[in-house]
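Residue-level listing of the chains:
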Amino acid sequence: MSIQRSAQSDQLFETILALESVEECYSFFEDLCTLRELSELGQRLEVAFLLHRGLNYQQVGKQTGVSSATICRVKKCLDNGAGGYRRAIEKAEAANGI
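Everything in this summary refers to the structure shown in the same document. (Residues numbered from 1 in each chain as written. Predicted model: local features only at pLDDT ≥ 70, side-chain atom pairs only at ≥ 80, totals over all residues. Heavy atoms only, no water.)

## Some thoughts on the packing of aromatic side chains
A full pass over the atoms with the stated rule returns one aromatic pair. Pairing Phe 28 with Phe 29 gives two aromatic rings, centres 5.3 Å apart and planes at 80 degrees, and the pair type is edge-to-face. (Phe/Tyr/Trp six-rings, centres within 6.5 Å; stacked < 30°, edge-to-face > 60°.)

## Details of helix H6 (residues 84–95)
Since one α-helical turn is 3.6 residues long, residues separated by three or four positions face the same way. Helix length check: H6 (12 residues) gives 16 Å between terminal C-alpha atoms against 16 Å at 1.5 Å per residue, within 8%. Where H6 ends, the next residue or the one after it, Gly 97, has phi of about 65 degrees, a positive value. (Helix = DSSP H or I, 4+ residues; strand = E, 2+ residues; numbered from the N terminus. Expected span 1.5 Å × (residues − 1).)

## So, the nonpolar core
One finds Val 47, Ala 48, Phe 49, Leu 50, Leu 51, Val 60, Val 66, Ile 71, Val 74, Leu 78 and Ile 89 forming the largest nonpolar core, which totals 11 residues. Among the secondary structure elements, those contributing two or more residues to this core are helix H3 (35–52) and helix H5 (68–80). A total of five residues in this core trace back to one element, the largest contributor, which is H3. (Core = buried A, V, L, I, M, F, W, Y, C linked by side-chain atoms within 4.5 Å. Buried < 20%, exposed > 50% of the residue type's maximum accessible area, 1.4 Å probe, protein only.)

This is the structure:
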């Protein structure tokens, strides 16, 4: 699965990259997404971090409350995806000294 590149997607990603603080991100994503959409994005990222740290499906499910289908999809992306989760996790860990 690959995102179809478009001018709209480029504009979205360039806009996100232009934001300079967590507060700016909160404001932007509050306007862009529903609370549920934002929560689901955050849950998927949390699942990715936990799987990356070696937790198993059961541990991740217990800690996050997300479905096994979501955990499975995130794991599939971690293992065989475009590398986005891994790159983002590595950069976040480096930025936070983890």
